[in-house]
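Below are the chains, spelled out letter by letter.
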Amino acid sequence: MRLGVIGIGYLGLTHAVCMADLGHEVIGLDVDADKVARVSKGDVPFFEPGLEPMLRKNLGADRLRFTTSFAEVAGFANVHFLYQWERHAAWRRGSGDKHRPGPKRTLRGIRNSSGKASPSKIALRQTASSSA
Ligand SMILES: NC(=O)c1ccc[n+]([C@@H]2O[C@H](COP(=O)([O-])OP(=O)(O)OC[C@H]3O[C@@H](n4cnc5c(N)ncnc54)[C@H](O)[C@@H]3O)[C@@H](O)[C@H]2O)c1
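Keep in mind that this is a model prediction, so the values were computed, not measured.

1. Looking at the overall build of the chain
Working step 1: When its secondary structure is counted, the chain shows six helices and five strands.
Working step 2: The helix and strand sequence of the chain, counted from the amino end, reads β-α-β-α-α-β-α-β-α-α-β.
Working step 3: Residue burial in the chain is summarised as follows: out of 132 residues, 39% are buried.
Working step 4: When contacts within the chain are restricted to residue pairs at least 6 apart in sequence, those whose partners lie at least 24 apart make up 63%.
Working step 5: Carbon together with sulfur atoms contributes 52% to the accessible area of the chain, which is approximately 7200 Å² in total.

2. Comments concerning the packing of aromatic side chains
Working step 1: Across all of its chains, the model carries one aromatic pair by this definition.
Working step 2: On the numbers, 4.7 Å between centres and 45 degrees between planes, the contact of tyrosine 10 with phenylalanine 46 is tilted. Placement of tyrosine 10 in helix H1 (residues 10-21) and of phenylalanine 46 in the loop between helix H2 (33-40) and helix H3 (51-60) is noted, with a sequence separation of 36 residues between them.
Working step 3: The exposure class assigned to tyrosine 10 is exposed, which follows from its relative accessible area of 59%.
Working step 4: Assessed through its relative accessible area of 12%, phenylalanine 46 is described here as buried.
Working step 5: Seen from the ring of phenylalanine 76, arginine 65 lies directly overhead, with NZ or CZ sitting 4.6 Å from the centre.

3. Regarding unusual backbone geometry
Working step 1: Positive phi is not limited to glycine here, since aspartate 62 has a value of about 60 degrees.
Working step 2: Mapped onto the secondary structure, aspartate 62 falls in the loop between H3 and strand S3 (64-67).
Working step 3: With a relative accessible area of 68%, aspartate 62 lands in the exposed category.

4. Let's talk about the pattern of salt bridges
Working step 1: A full pass over the atoms with the stated rule returns six salt bridges.
Working step 2: One salt bridge in this structure joins aspartate 21 and lysine 57, with 2.9 Å as the shortest N-O distance. Taken as a pair, aspartate 21 in helix H1 and lysine 57 in helix H3 lie far apart in primary sequence, 36 residues in all.
Working step 3: For aspartate 21, a relative accessible area of 27% translates into the label partly exposed.
Working step 4: Take lysine 57: its relative accessible area is 48%, and that puts it in the partly exposed class.

5. Digging into the pairing of strand S2 (residues 25-29)
Working step 1: Among the five residues that make up S2, four are buried, leaving the element largely enclosed by the rest of the structure.
Working step 2: Bridge count for strand S1 (residues 2-6) against S2 is five bridges, and the pairing is parallel. Residue pairing in the sheet places leucine 3 in a bridge with valine 26 of S2.
Working step 3: Here S2 runs beside S3; their pairing, made up of four bridges, is parallel. Its bridge partner being in S3, valine 26 is matched across the sheet by leucine 64.

6. Considering the pairing of strand S4 (residues 79-82)
Working step 1: With burial as the criterion, each face of S4 is covered, one bearing Val79 and Phe81 and the other bearing His80 and Leu82.
Working step 2: With four bridges joining them, S1 and S4 adopt parallel strand pairing. Paired with glycine 4 across the two strands is histidine 80, which belongs to S4.

About the criteria used
Residues numbered from 1 in each chain as written. Predicted model: local features only at pLDDT ≥ 70, side-chain atom pairs only at ≥ 80, totals over all residues. Heavy atoms only, no water. Helix = DSSP H or I, 4+ residues; strand = E, 2+ residues; numbered from the N terminus. Buried < 20%, exposed > 50% of the residue type's maximum accessible area, 1.4 Å probe, protein only. Contact = heavy atoms within 4.5 Å. Areas by Shrake-Rupley, 256 points an atom, 1.4 Å probe, with all protein chains shown as cover. Phe/Tyr/Trp six-rings, centres within 6.5 Å; stacked < 30°, edge-to-face > 60°. Lys NZ or Arg CZ within 6 Å of the ring centre and 35° of its normal. Salt bridge = Lys/Arg side-chain N within 4 Å of Asp/Glu carboxyl O. Pairing = 2+ DSSP bridges.

From the geometry alone we can't say anything about function, so treat these as descriptive.
Structure (structure tokens):
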């Protein structure tokens, strides 16, 4: 299956790597371009024993890649997992940005940029509290 993972922090990156290790094709997206560059090189930016070798293995096997482009994710994946911050969490962390999409806008963006006449996307709500 082709999976999209939106938000590659503690939960999202771990999920993306494990799904790739199970054999799925996975693309991870984050609004933080530095984080995308770092994980694309095989660096895990937090402590999670065993995750880094698994990340490198799956990058090397071309089952896993990372991007900042919603259009790329929308055009690639059939199923999307949302692990981004909820809007209130972004404000609490002092990085609230009214232009940064919350979960509803992310899902709308994926649908609108999929470029497919009848999108086959299934959005799985993992942690977000607002429905899409
Ligand atoms: N870690 C936990 O134990 C836990 C438990 C319950 C709920 N949650 C919730 O799950 C979500 C993810 O948790 P986490 O611990 O992985 O957080 P995290 O901060 O490690 O990762 C979140 C990532 O989402 C990215 N992001 C934020 N807004 C985005 C957007 N609009 N589009 C794309 N990427 C975006 C951030 O840059 C960050 O890399 C959060 O909403 C959190 O509140 C986490």
